[in-house]
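So the chains spell out like this:
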Amino acid sequence: MTTPTRTPPNGAVPLLQVENLVKHYPITSGIVFKHKIGDVRAVDGISISISPGETLAMVGESGCGKSTTARAVLRLVEPTAGALKFEGEDITHVKAGRLRELRREMQIIFQDPYASLNPRMTVRTILSEPFKIHGMEEGNRVSELLELVGLAPEHADRYPHEFSGGQRQRVGIARALALDPKLVVCDEPVSALDVSIQAQVINLLEDLQNDRGLAYLFIAHDLSVVRHIADRVAVMYLGVIVEIADRDSIFERPAHPYTQALISAVPIPDPRKERQRKRIIISGDVPSPANPPSGCRFRTRCQKFRDELNEGERSKCIEEQPELIDRGHGHPAACHYAEVEKVL
Amino acid sequence: MRETLTATTLERAPEPGETLLEIEDLRVHFHTDNGVVKAVDGVSWSIARGETLGIVGESGSGKSVSAMAVMGLVPTPPARYESGRIMFMGKDLLKADEKALRKIRGNDISMIFQDPLTSLNPVFKVGHQIAEVIQVHEKMGRIPARKLAVDLLAEVGIPNPKQRASEYPHQFSGGMRQRAMIAMALALDPVLLLADEPTTALDVTVQAQIMELLLTLQQERGTAIVLITHDLGLVASHADRVLVMYAGKVAELAGVDDIFYEPRHAYTHGLLSGLARLDVHRAERLEPIPGQPPSLIRVPSGCAFHPRCKLATQVCTDVVPELVMQDRPNHTAACHHSDQVALLVNGPAAAQHVKSAAETTAAGPPVAEAETRTS
C-alpha cells in the first residue's frame, strides 16, 4: 500500500504546495453605500501538494470549490488567505512581472474548447501568442506543437470553428504546452467531448505526461476518468477537502460517507455488476457556500448521520468540524465516524 | 397520493408487455444550404409497456431527432420525412394532424429534455407552468389544477412544494428544475416517457436521485421509458434493451446484457473498449476509436463507421450493411464483420490476430474480454 502523500524521490521539494488556501467572495448590498453582508466561502482552507510528474485529481459536485482552487493556484483569482509555493518559492504575493515568468511553468487547459479559443484568431496566431508575450523565439514551434498533439501542421492557418470539439481541445492543450510548463491545471478537460473522443484526449494527456514529466492538477467530476488518470485523489465538499488518498485507496476503501456516496452514484457500464450494486443515495443539493452547516459540512445530507448515529454522536457532528486526519484507515478523512465501506 | 387523471386519447389501457410504439424505417432529412443532412436514415425500433429502451450514440448520431419526431417536434421544413411510420397504439403519428398530436402529447407521450433551464419558461412560476399542462388537457379550474401541481411537486420529492410552486425557475437548483420537468411530464400519467439526456447536466449524486425517481414512477405506473443518453453506465444500470446509433442509422439493437457482453458491431465493441471505468484499475492505455464521428452531410459510403473501424475491408466501403439477426435471439446488428467482433469479444487468442503487433505488446485484452472472464 502506498502512502497517501507521496514523497517526491530523494526528498526533493514538491512542485506545488498549497497551504490553508482560502478564497472568499464578498456578498455586497446597496448601490451607493455598498457594504459587505456576508461571504461566499468558495474555498475554505485546503492544503495540497503536487510532486513533479504526478497527477492529483480533485473531485466533487458543482459548487464545491474545485474550479476556484484551480484558478487560485495559478493566481487567476487572488487567494483571500493561505500560502502558495511553487518549487519552494512563495508565490502568494509575487508581483505581476515575476508572476508572468512563473506562468511559463504553470498553465491551464479549460473545459469548453469552444469558449477558450478566440474565434477571430487562426490556430497559428493562438499558438504563437505565448512566445510573443514572453519575448521568446517562436521558430518552428507552432508546427511542432501541432504534431505533438496529433494535428497536422497544415491546420495552423485554420480558424477554431473549422475544427471539431476534440481537435479544438487539442489546440487548447498545444497552447498550454507551448512554453514547456511543469504544471498543467486541467479544468474538466474532457467533459465537453464525445465518448469516443474522450479516450483519445485522455491518452494524449497521459503520453504528454510520460514524455515531458508534466504534473497535472486534474479537476473533474467524472470519477471514471479520474480512476484512470489520477495518482492521488482529493474529494472536495463545500470548500474543504473531506478525503485525500492515492487512487486505489479512494476507490476501493473510501472512508468518508461523502466519498462513498459519490462513488456509488456513478453507474458502471456493466449490467450484471449494476444489478448487484448497492446505491447510496444522498438527498438534496449542496447547501449554499455562503452559509455552510455548522460542524461537519456534510451532515445535512449524510446517510450515516441520518441512519446510523445516535443523538450523542450526532451532536459531535453538529458542533465540531472534523479534522482531515487518518483515523486508522491508511489515509486522512474528515469524518468523526469514518469507516471504510466497499461501494464498488 | 393524488388522484389519477384519466385524460387519454387511447380507447383502452395497454396490456403489460404490449408494444406501445413502433417506428418503422423512419427517415428524417434536413435540407440545408450545405446539403442534405440525413439525421435519421432508416431507423426502426419499438418499445413495450413498462420497458426501458436505452438509445445511445454520440452527438449527431440522430438519437434525439428520432425522439423529437415521435413528439411531432421536428419542424417541416427544413425537415422532410422521406419515409417511415411511427405507430403509437395503432395510430400513425406522422399522419396525425396538429390537433390530434396535441392531444397525444402530454396525455399519452411526454418528453423530458436535457437542459431544464431552457425548457422552463423563465417568466412564469413553476406551479403555474405545471398547472397549465393540466388545464390544457383537462376540464379543470385554475385552483384545483394549481393544487394538483403542488401535489405533483411533492411526489417528485421537492421539499416545501407549496412554497416552491410559487417560485420562478431560476430560484430552483439544477436537480430541482429537472424534478419540476419530470412533474410536468408525468402530470397526466403518460404511458410513454421520452427522456432525452435527462441527467447529463446534473451532478452524479443528483443523477442517482433523478434516476431512482424515474424508476419508482415506472414501477408504480408501468410507464415505458425511452432513455436517450451517451452514458453507457446509465444504460447498463437502467435499460432493458439498448439501441446503438451511428450516423443516423441503427448499428446494433439487443438486450442490455448482449450489448455489453456480446456486442456484434465493431462500433459497439469500440465504444466499450475505449471506456475509462470506475471499477477497474487498468494501468494500460485506453483503446479509443480513432477519428471522429462523420458529418451527417457527408456520410461515408458503405458502412458509415468504416473509416474508423479496425476491422474494415473493401466490402465495408462498398456495401451498406443490413441490420441482420445475430447468433443470439432478439439481437440485431448492422456489421459486415460481426463474426470477427464476436471473436474479439470471446476469444482473446483469436483477437490477437486482428490487432497490430505493436498494440498487442502495449495493451491488454479489451474490456469486454475481461468481463467475460470475471462473470
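All of these numbers come straight from a predicted model, not from anything done at the bench.

Thresholds applied
Per chain, the residues get numbers from 1 upward, laid out in the order the sequence is written. Each chain gets a letter, beginning with A, and each ligand a number, beginning with 1, in the order they are written. The predicted nature of this model means local features are confined to residues of pLDDT at least 70 and side-chain atom pairs, given and counted, to a pLDDT of 80 or more, with totals for whole chains, interfaces and linings taken over all residues. The way it works is that DSSP assigns letters per residue, a run of H or I at least four long becomes a helix, a run of E at least two long becomes a strand, and they are numbered from the N terminus. We call a residue exposed when 12 or fewer other C-beta atoms sit within 10 Å of its C-beta, buried when the count reaches 20 or more, and partly exposed for counts in between; the C-beta positions come from the backbone. Note on contacts: residues are paired as contacts if their backbone-placed C-beta atoms lie within 7 Å. Each direction from the helix axis to a C-beta atom contributes to the arc, which is the arc of those directions. Think of it this way: DSSP has to see at least two bridges between two strands before they count as a pair. Lines are fitted to the C-alpha atoms to define the axes, a helix being fitted only along its stretch in contact, and any angle between axes, read from their N-to-C directions, falls within 0 to 180 degrees. The pLDDT value expresses, per residue, how confident the predictor is, ranging between 0 and 100. To sort the angles, those under 35 degrees are grouped as roughly parallel, those over 145 as roughly antiparallel, those from 65 to 115 as roughly perpendicular, and the leftovers as oblique. Should the near helix be turned counterclockwise from the far one by less than a right angle, the crossing is left-handed, whereas a clockwise turn marks it as right-handed. The classification used treats Ala, Val, Leu, Ile, Met, Phe, Trp, Tyr, Cys and Pro as nonpolar, Asp, Glu, Lys and Arg as charged, and all other residues, Gly among them, as polar.

## A word on the overall build of chain B
At step 1: On a plain count of helices and strands, chain B comes out with 16 helices and 12 strands.
At step 2: Out of the 375 residues in chain B, the part that is buried amounts to 50%.

## Thoughts on the overall build of chain A
At step 1: On a plain count of helices and strands, chain A comes out with 12 helices and 12 strands.
At step 2: On the principal axes, the C-alpha backbone points of chain A span a range of 70 × 60 × 45 Å.
At step 3: Relative to its 344 residues, chain A shows a buried fraction of 48%.
At step 4: Within chain A, residue pairs in contact and separated by at least 24 positions form 67% of the contacts whose partners lie at least 6 positions apart.

## Examining helix H13 (residues 338–346) of chain B
At step 1: Those residues of H13(B) that sit buried are Ser338(B), Gln340(B), Val341(B), Leu344(B) and Val345(B). One side of H13(B) holds all its buried residues, which, seen down the axis, span an arc of 155°.

## Things to note about the sheet that holds strand E5 (residues 89–90) of chain A
At step 1: Pairing is antiparallel in the open sheet, where 4 strands are placed in the order E2-E1-E4-E5 (chain A). Since the sheet does not close on itself, it has two edges, and those belong to strand E2 (35–50) and E5 of chain A, each with one partner.

## Overview of the sheet that holds strand E10 (residues 249–255) of chain B
All names here are of chain B.
At step 1: Taken together, 8 strands build an open sheet; the order of strands is E6-E7-E8-E3-E9-E10-E12-E11 and the sheet is mixed. Of all the strands in the sheet, just strand E6 (109–112) and strand E11 (324–325) have a single pairing partner and so form its edges.
At step 2: Sheet strands touched by helix H7 (residues 174–186): E6 and strand E7 (192–196). Its angle to E6, the strand with the most contacts, is close to 175°.

## Considering the interface of chain B and chain A
At step 1: If you look at the interface, chain B gives 38 residues, while chain A gives 39 residues.
At step 2: Put simply, the parts of the chain that give the side of chain B that touches chain A at least two residues each are helix H8 (204–221), helix H9 (232–238), helix H10 (256–261) and helix H11 (266–273) of chain B.

## Comments concerning the confidence of the model for chain B
Residue and element names in this part refer to chain B.
At step 1: Taken residue by residue, chain B gives an average pLDDT of 83. The fraction at 70 or more is 89%.
At step 2: Below pLDDT 50 for its whole length, residues 349–375 participates in 38 contacts with residues either more than four positions away or in separate chains.
At step 3: Under the prediction, the complex receives an ipTM of 0.83, its pTM being 0.85.

## Points about the pairing of strand E9 (residues 241–246) of chain B
All names here are of chain B.
At step 1: In terms of burial, E9 is largely enclosed, as 6 of its 6 residues are buried.
At step 2: Burial along E9 is two-sided: the face carrying Arg241, Leu243 and Met245 and the face carrying Val242, Val244 and Tyr246 are both buried.
At step 3: Note: strand E3 (residues 52–56) against E9, 4 bridges, orientation parallel. Bridge pairing in E9 links Gly54 to Val242.
At step 4: Note that E9 and E10 share 6 bridges and pair antiparallel. Looking across to E10, one finds that Tyr246 is bridged to Lys249.
At step 5: From the end of E9 to the start of E10, which pair antiparallel, there are 2 residues, and Ala247 there has a positive phi angle of about 50°.

## Details of H11(B)
At step 1: Counting buried positions over the 8 residues of H11(B) gives 8, a clear majority of the element.
At step 2: Within the sequence span of H11(B), burial applies to Ala266(B), Tyr267(B), Thr268(B), His269(B), Gly270(B), Leu271(B), Leu272(B) and Ser273(B).

## As for unusual backbone geometry
Outside of glycine, negative phi angles account for most residues, and trans bonds account for most peptide bonds.
Residues and elements named next belong to chain B.
At step 1: With phi around 50°, Ala247 is a residue other than glycine that occupies positive phi space.
At step 2: Here Ala247 lies in the loop between E9 and E10.
At step 3: The class of Ala247 is buried, set by 23 C-beta atoms lying within 10 Å.

## Some points on the packing of H7(B) against H8(B)
Residue and element names in this part refer to chain B.
At step 1: Closest axis-to-axis distance for the H7/H8 pair is 10 Å, and the angle between their directions is 15°. Taken together, the axes of H7 and H8 lie roughly parallel to each other. Of the two possible hands of crossing, H7 and H8 adopt the one that is right-handed. Counting all contacts with H7, which are made through Gly174, Gly175, Gln178, Ile182 and Leu186, the residues of H8 involved are Val206, Gln209, Ile210, Leu213 and Leu217.
At step 2: Of the residues belonging to the contact of H7 with H8, the class tally is 6 nonpolar, 4 polar and no charged.

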